[in-house]
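Chain by chain, the residues:
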Amino acid sequence: MDCVRKYQLMLSAVFGIACIVYLIAIFVLDIGTEVITGRFENANDVFNGNILHLEYPPFALVFMLIPRIFTSVALWFKVGFVIEMFAFFVIGLLLICKMAEKLGADQKKAMLGYTILMLLMLQFVTDRFDIIPAVLTLASVYCYITKRYVWAFMFLSLATMTKLYPAILFPIFIIPFLTDRDWKNVIKGTAVFAITALVVVIPVMLSDPDMLSYFTGYHMDRPLHIESVMGSLIYPLSMIGLTEMQIVFSFGSDNLAGPWPDTVAPLLTPLMLISILMTYALYAFMLRKMKMEKKDDEHSRLFLFGGAILVSIMLFILVGKVFSSQFLIWIIPPVMFLLMLMDDRRLKCIIFLLSAIVLVITQVQFAYNVGYLGGGYNINDLGMMMILLRNIAAIALLYFSVKAIRDRLVPKETQHSAC
């Protein structure tokens, strides 16, 4: 255990040094960041008593306010924000270590994989707050597999109140109880999730009832994001002259505008929800089948549980109309969770390498499109092809994740007969 703790400290130090180098580069090169232009202004508005309308759930505001409590200077706010994100990285590292211990996996390899993937997203980890819901979700999964269900649903609710995507995991947490007819935990989990959310939401509704309606309307009205899978697939049509579309900056991001994007965008959210509902149905069916065939061992249940989490999150990202680069932080914990449970070394290597490739291409396209070209209408065809390449790699990652689940849980003779 002393060896594992030393490894934790070493990896934490490596990530901490990377954060310091990032801060130095930001200040020396005078690079603008979203924290200073967005989160600092949000925190200032609250401190000045102004009504604040955010595109994020209300608990996110808590983490924006923490650095502002200690400083009113933008530069030091950025430093405080990075320290806060570093703290969540360390919490995630500790959870990954504890999870590996619980699952009988190599703790050092698990922590190293988590650190490598987070380092590949360093810019987004330190300039966005997506690591917070990712780590809160990781905490909920750890509590769930250790049967601390009250804490599991509480952390999942807090994660949802920070960034909306963890809400799609609630049915995955509940379905095993429904399959086992464990009504006590169904009621308890639902109640804890709902009460925790209400504790966060009610103060917001009392202070400004319009904040939640603004949040809902903001996301319903968003156009087709340029990094979305569908956006990258239809953009080549404009390159060959089949349609016209433009890149415009709106809703805090670069989006596609034109006949095709405007037609497709409203369809993607329902399509995304349908795909996730199908995942729930398949998850429940496989759980039921495992129980009937008496193959309901804990390892298989956990593997299916982790697979359902990863697939649901990836469908939320890949099928939806918005695919911001920082969303990929969300998949890092479930990827590591699934890898801890996998026996197939070849598939483990493929999934980890594909995850790394997706993150690297994401950084390269962001550096080119936003850093070099300046974003917006300056983004050119080469930049869009980089996004398309990243999305193809992400689809491949989803495919191999599903393949790993199928190969582990579906007998080979059944696979051949289905073919």
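Owing to the predicted nature of the structure, the values given are computational and were not obtained by experimental measurement. (Residues numbered from 1 in each chain as written. Predicted model: local features only at pLDDT ≥ 70, side-chain atom pairs only at ≥ 80, totals over all residues. Heavy atoms only, no water.)

K.L.:
Before we move on, can you summarise the overall build of the protein chain with the specific residues and values?
P.N.:
From N to C terminus, the protein chain includes 18 helices and three strands. Relative to its length of 419 residues, the protein chain is compact, with a C-alpha radius of gyration of 22 Å against a globular reference of 22 Å. Buried positions account for 56% of the 419 residues belonging to the protein chain. Partitioning the intrachain contacts of the protein chain with sequence separation of at least 6 by distance along the chain shows that 74% fall at a separation of at least 24. A total accessible area of about 19000 Å² is found for the protein chain, and carbon and sulfur atoms account for 69% of it. (Helix = DSSP H or I, 4+ residues; strand = E, 2+ residues; numbered from the N terminus. Rg over C-alpha atoms; globule rule 2.2 N^0.38 Å. Buried < 20%, exposed > 50% of the residue type's maximum accessible area, 1.4 Å probe, protein only. Contact = heavy atoms within 4.5 Å. Areas by Shrake-Rupley, 256 points an atom, 1.4 Å probe, with all protein chains shown as cover.)

K.L.:
Before we move on, can you summarise the packing of aromatic side chains with the specific residues and values?
P.N.:
Scanning all chains against the criterion turns up 26 aromatic pairs. Taken together, a centroid distance of 4.0 Å and an interplanar angle of 10° make the contact between Y165 and W330 stacked. Linking Y165 in the loop between helix 8 (149-160) and helix 9 (170-179) with W330 in the loop between helix 14 (298-319) and helix 15 (332-341), this pair joins segments that are 165 residues apart in sequence. Here Y165 matches W330 in class, with each residue buried. Counting every residue linked through ring pairs, the aromatic cluster contains Y144, Y149, F153, F170, F173, F177, F193, F305 and F337. Directly above the aromatic system of F129 lies the positively charged group of K163, at a separation of 4.9 Å from the ring centroid. (Phe/Tyr/Trp six-rings, centres within 6.5 Å; stacked < 30°, edge-to-face > 60°. Lys NZ or Arg CZ within 6 Å of the ring centre and 35° of its normal.)

K.L.:
Which residues make up the pairing of strand 2 (residues 246-250), and what are the values?
P.N.:
In terms of strand pairing, strand 2 meets strand 3 (residues 253-257) through five bridges, oriented antiparallel. Directly across from V248, in strand 3, lies its bridge partner N255. Taken together, strand 2 and the strand that follows it, strand 3, pair antiparallel across an intervening segment of two residues, in which F251 is found at a positive phi of about 55°. (Pairing = 2+ DSSP bridges.)

K.L.:
With reference to specific residues and values, describe the packing of helix 15 against helix 16 (residues 345-372).
P.N.:
Running from N to C, helix 15 and helix 16 point in directions that differ by 165°, and their axes come no closer than 10 Å. Classified by the angle their axes make, helix 15 and helix 16 are roughly antiparallel. Classified by chirality, the crossing of helix 16 by helix 15 is left-handed. Contacts from I332, V335, M336 and L339 of helix 15 reach helix 16 at K348, I351, F352, S355 and L359. The class makeup of the residues in the contact of helix 15 with helix 16 is seven nonpolar, one polar and one charged. (Axes fitted to C-alpha atoms, helices over the stretch in contact; angles between N-to-C directions. Parallel < 35°, antiparallel > 145°, perpendicular 65-115°, else oblique. Left-handed = near helix turned anticlockwise from the far one by under 90°. Nonpolar A, V, L, I, M, F, W, Y, C, P; charged D, E, K, R; others polar.)

K.L.:
Break down the nonpolar core for me, citing the residues and quoting the values.
P.N.:
Core analysis: the largest hydrophobic core is formed by 132 residues, its most contacted members being Y114, I131, F173 and F305. The contact partners of F173, leaving out residues within four places of it in the chain, are S140, V141, Y144, A152, F153, L156, F305 and I309. (Core = buried A, V, L, I, M, F, W, Y, C linked by side-chain atoms within 4.5 Å.)

K.L.:
Residue-level account of unusual backbone geometry, with values.
P.N.:
Phi angles above zero are rare outside glycine, and K147 is one such case at about 65°. As for its position among the elements, K147 is in the loop between helix 7 (131-145) and helix 8.

K.L.:
Got a sec to walk through the pattern of salt bridges? Specific residues and values, please.
P.N.:
A full pass over the atoms with the stated rule returns twelve salt bridges. Between D407 and K403 there is a salt bridge, with its nearest N and O atoms 3.1 Å apart. You can see D407 and its partner K403 sitting in helix 17 (residues 381-409), four residues apart, about one turn around the helix. Given the relative accessible area of 31%, D407 is considered partly exposed. (Salt bridge = Lys/Arg side-chain N within 4 Å of Asp/Glu carboxyl O.)

K.L.:
Describe the sheet that holds strand 2, and please don't skip the residues or the numbers.
P.N.:
Pairing between sheet strands relies on hydrogen bonds along the backbone, with the strands arranged either parallel or antiparallel. Spatial ordering of the open sheet is given by 1-3-2, a layout of three strands whose pairing is antiparallel. The outermost strands of the open sheet, each flanked by one partner alone, are strand 1 (224-225) and strand 2. In the sheet, strand 1 pairs with strand 3 via two bridges, with the strands oriented antiparallel. Looking across to strand 3, one finds that H225 is bridged to N255.

K.L.:
Can you break down the side chain of Q107 residue by residue, with the values?
P.N.:
Note on placement: Q107 falls in helix 5 (residues 107-120). A polar contact of 3.4 Å, which involves the side chain of Q107, links it to the backbone oxygen of C97. Discounting residues that sit within four places of it in the chain, Q107 has contacts with V4, C97, A100 and E101. (Polar contact = N/O pair within 3.5 Å; in protein donor to acceptor, adjacent residues only side chain to side chain.)

K.L.:
Describe the side chain of S238, and please don't skip the residues or the numbers.
P.N.:
Considering the arrangement of structural elements, one finds S238 in helix 12 (residues 229-239). Reaching out from S238, the side chain makes a polar contact with the backbone oxygen of Y235 at a distance of 2.7 Å. When near neighbours in sequence (up to four residues on either side) are disregarded, S238 contacts T243 and M245.

K.L.:
Lay out a nonpolar patch on the surface in plain terms, naming residues and giving numbers.
P.N.:
Taken together, I20, I24, V28, L29 and I31 make up a surface patch of nonpolar side chains, about 500 Å² in accessible area. In this fold, V28 is placed in helix 1 (residues 2-29). (Patch = residues over 30% accessible without salt bridge, like charges linked within 9 Å, V, L, I, M, F, W, Y side chains within 5 Å.)

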